[in-house]
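# Structural overview
One-letter residues, chain by chain:
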Amino acid sequence: VLKKRLVKLVVNFLFYFRTDEAEPIGALLLEHCRITKEEENVFSISFIEEPERKYCFECDSEEQCQEWIEALKRASYEFMRRSLIFYRNEIQKMTGKDPLEQYGISEEARFQLGTHKP
């Protein structure tokens, strides 16, 4: 069943609203999910725990659809974690210093952050 909804992305939550209400009626936590291009101007979100259930979204244009897909793919904790590890390692290569050290991140946390592979 297609329903018109407004959506708002906040960190890794996609809130959805009825068009005439200010409070969200629900939210999707964008973790362990797959963002898939379905057809022109349409993408879907499905979750590993419920692969048979898909949330489909239609955009006004193909450009807007691509922007949403990219934003949603960057919204997960895992993406942010991998990005942090990558940039931390790049900064360390360039400067010879761990950029997280100044924030009091423990040796154990740095080890876990740098060695966990998804």
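These notes cover the structure that comes with them. A quick note: this is a predicted structure, and the numbers were derived from the prediction, not measured.

### Some words on helix α1 (residues 62–73)
Compared with the 16 Å implied by 1.5 Å per residue over 12 residues, the 17 Å span of α1 between its first and last C-alpha is a close match. All of the buried residues along α1 are C65, I69 and L72. The arc that holds every buried residue of α1, seen down its axis, measures 75 degrees, which confines them to one face. Along its buried surface, α1 packs onto β1 (5–10), β2 (13–18), β4 (33–39) and β5 (42–47).

### Here's the deal with the pairing of β1
Of the strand pairs in this sheet, β1 and β2 are connected by six bridges, and their pairing is antiparallel. Bridge pairing in β2 links L9 to L14. Counted between consecutive antiparallel strands, the loop separating β1 from β2 contains two residues, among which V11 sits at a positive phi close to 55 degrees.

### Overview of the sheet that holds β5
The strand order β4-β5-β6 describes an open sheet built from three strands, whose pairing is antiparallel. Strands at the two margins of the open sheet, each flanked by one partner only, are β4 and β6 (50–58). When the angles between neighbouring strand axes are averaged without regard to direction, this sheet yields 25 degrees. Bridging between β5 and β6 involves six bridges; their strand directions are antiparallel. Residue F43 lies in a different strand from β6, and its bridge partner there is F57. The sheet contacts of α1 involve β4 and β5, and relative to β4 the element is tilted by about 170 degrees.

What counts and how
- Residues numbered from 1 in each chain as written.
- Predicted model: local features only at pLDDT ≥ 70, side-chain atom pairs only at ≥ 80, totals over all residues.
- Heavy atoms only, no water.
- Helix = DSSP H or I, 4+ residues; strand = E, 2+ residues; numbered from the N terminus.
- Expected span 1.5 Å × (residues − 1).
- Buried < 20%, exposed > 50% of the residue type's maximum accessible area, 1.4 Å probe, protein only.
- Arc of directions from axis to C-beta.
- Contact = heavy atoms within 4.5 Å.
- Pairing = 2+ DSSP bridges.
- Axes fitted to C-alpha atoms, helices over the stretch in contact; angles between N-to-C directions.

So, to be careful, I would describe these as geometric facts and stop short of saying anything about function.
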